[in-house]
Amino acid sequence: MTEQQIPDENDSALEDLLIFIRDARGFDFTGYKRSSLARRIRKRIHEAGAVDYVDYRDRLESNTEEFGHLFNTILINVTGFFRDTDAWTFLQREVMPDLLTDIDPAREIRVWSAGCASGEETYSLAIAFSEALGIEECAKRVKIYGTDVDDEALRDARIGLYSAKALEALPAELRDKYFEQNGTQFAFRPDLRRRVIFGRHDITRDAPISRLDLLVCRNTLMYFNVETQAQVIDRFHFALREHEYLFLGKAEMLLSDGERFEVVSMRQRIFRRRPGPAVPRYQSLPIRLDTITTPEMREVGRKRQLRDLALEAAPFAAIGVDSEGNVVLVNAQMRNMFGITSRDLGRPFHDLEISYRPVELRSLIERAYAEHRVVRVNAVERQMSPSETQYLDIHIQPLWASDGLSAGVALMFIDTSVTTRLQMEVKRNREELDTAHEELQSTNEELQSSIEELENQRRTPVRQRRARDDE
């Protein structure tokens, strides 16, 4: 059986397999997006030579080493030192000076690298703080926690040994300053290594590390479904001190969460926790929030949950574009109708085909901003095939923040194919009816004219006879 022939993600056997993995090894993947999760599991099933989910579960029970192969396939630890250089440069130049200025010099600086994989990102944080504070001051004040669910990756992170190839992204002076050569590999300097603590942690289940000044979780949330992402963001909000910073990956966004996080840089995915209590959008049971989860807070959480889920499940396609022109939100219908995926989050909107086809939207967005109103385009034709046309009503809604500044724009694509075709059919029938009525009226007029002409012809002989009699 090929990978494509293995039952799809809707098969109940997949859910049974996930529950077995959770109970057997403590890895809870039930909150992961089913499409990507099923694709990776099918890949491993195919590689292992199993037939289906049930057969693969039997292999896991008989061969415990297979768990490791499966987890490596699912988790895909892609990382590197200062990965996405522009984002790290912004963090070091624009964020860290403010962060360090606001912290009491006598207080410890607490940093969490969640989903740290094999440690490159965690050690990048240590280097960044050392460059800002100096190595000696960093070794005294900064404590960095690196966590992941992958024990094998964590073992590599704890060792802190990297190949020359892994360090290629670092300038030579930084490599020589923070790493010591050990044979063919390079070890992170021990005085700073002691300030980095690695440990296993599941961000979807375990209580968060608290009182943080900076929380880094890059390209990890993208693996989870909407509800699980929201629960993780609850934990992150609880973990951060007021006014402190959250650093996400390019493929990730905070959906409808402007109440709790302000945007520092949407392009670099850096946010700042607003003041206020840690009110959960979803009730997150593993976190102990007994002292602050009042009935009123739970009601707020339920309302926010409803708002987010309603947007995701809306019957129309929606895409959000921030004030810098980057895609920040895509709902389920948008993904289904136009094939836009999570990989498009963070991309400039003008790079996407939808920005100019089936209608040029960039100028309409500028018009919506300029006129401070919704711009509507109705019955836009989208050619699905030579014989099928889809009709869309497009609404371009400018969005404004509480301070009056532009927050972005929401574009909604409403499929009106059925009603448009009915309207076209009604119009066509009305035109045909009008034409038939005109033809009938013309025929009646011609008939009336013929009758009059016959009547005249009939009367002509009578008039002629009367004329002769008078003579």
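The structure this text deals with has already been given above.
Quantities reported herein were computed from a predicted structural model and do not represent experimental measurements.

Rules and cut-offs
- Residues numbered from 1 in each chain as written.
- Predicted model: local features only at pLDDT ≥ 70, side-chain atom pairs only at ≥ 80, totals over all residues.
- Heavy atoms only, no water.
- Helix = DSSP H or I, 4+ residues; strand = E, 2+ residues; numbered from the N terminus.
- Contact = heavy atoms within 4.5 Å.
- Salt bridge = Lys/Arg side-chain N within 4 Å of Asp/Glu carboxyl O.
- Buried < 20%, exposed > 50% of the residue type's maximum accessible area, 1.4 Å probe, protein only.
- Pairing = 2+ DSSP bridges.
- Axes fitted to C-alpha atoms, helices over the stretch in contact; angles between N-to-C directions.
- Parallel < 35°, antiparallel > 145°, perpendicular 65-115°, else oblique.
- Left-handed = near helix turned anticlockwise from the far one by under 90°.
- Nonpolar A, V, L, I, M, F, W, Y, C, P; charged D, E, K, R; others polar.

(A) Broad picture of the overall build of the chain. Helix and strand counts for the chain stand at 15 helices and 15 strands. By sequence separation, contacts in the chain at least 24 residues apart represent 64% of the contacts at least 6 residues apart.

(B) Focus on the pattern of salt bridges. Tallying each qualifying case throughout the model produces 27 salt bridges. Of the charged contacts, one joins Arg141 and Glu137 as a salt bridge, the two residues approaching to 3.6 Å between their closest N and O atoms. Here Arg141 pairs with Glu137, and both are found in helix α7 (residues 135-141), just 4 residues apart, close to one helical turn. For Arg141, a relative accessible area of 11% translates into the label buried. Residue classification places Glu137 among the partly exposed positions, given a relative accessible area of 29%.

(C) Main features of the pairing of strand β11 (residues 317-322). Taken across its 6 residues, β11 has 6 buried, putting it largely inside the fold. Of the two faces of β11, the one lined by Ala317, Ile319 and Val321 and the one lined by Ala318, Gly320 and Asp322 are each fully buried. Pairing geometry for β11 and strand β12 (residues 327-330), over 3 bridges, is antiparallel. Looking at β12, one finds that Gly320 is bridged to Leu329.

(D) Local environment of the pairing of strand β1 (residues 109-114). With 6 of 6 residues buried, β1 is to be regarded as a mostly interior element. Covered by surrounding structure in β1 are Ile109, Val111 and Ser113 together with Arg110, Trp112 and Ala114, the residues of both alternating faces. As paired strands, β1 and strand β2 (residues 142-148) are joined by 6 bridges and run parallel to one another. Directly across from Trp112, in β2, lies its bridge partner Tyr145. With 3 bridges connecting them, β1 and strand β7 (residues 212-217) associate as parallel partners. Across the sheet, residue Ser113 finds its bridge partner in β7, namely Val216.

(E) Just the packing of helix α2 (residues 34-48) against helix α3 (residues 53-62), in detail. Between α2 and α3, whose axes approach to 10 Å, the crossing angle comes to 65°. Classified by the angle between their axes, α2 and α3 sit roughly perpendicular to one another. Crossing of α2 against α3: the hand is left-handed. In this structure, α2 uses Ala38, Ile41, Arg42, Arg44, Ile45 and Ala48 to contact α3, whose residues at the interface are Tyr53, Tyr56 and Arg59. In terms of residue class, the contact of α2 with α3 is made up of 6 nonpolar, no polar and 3 charged.

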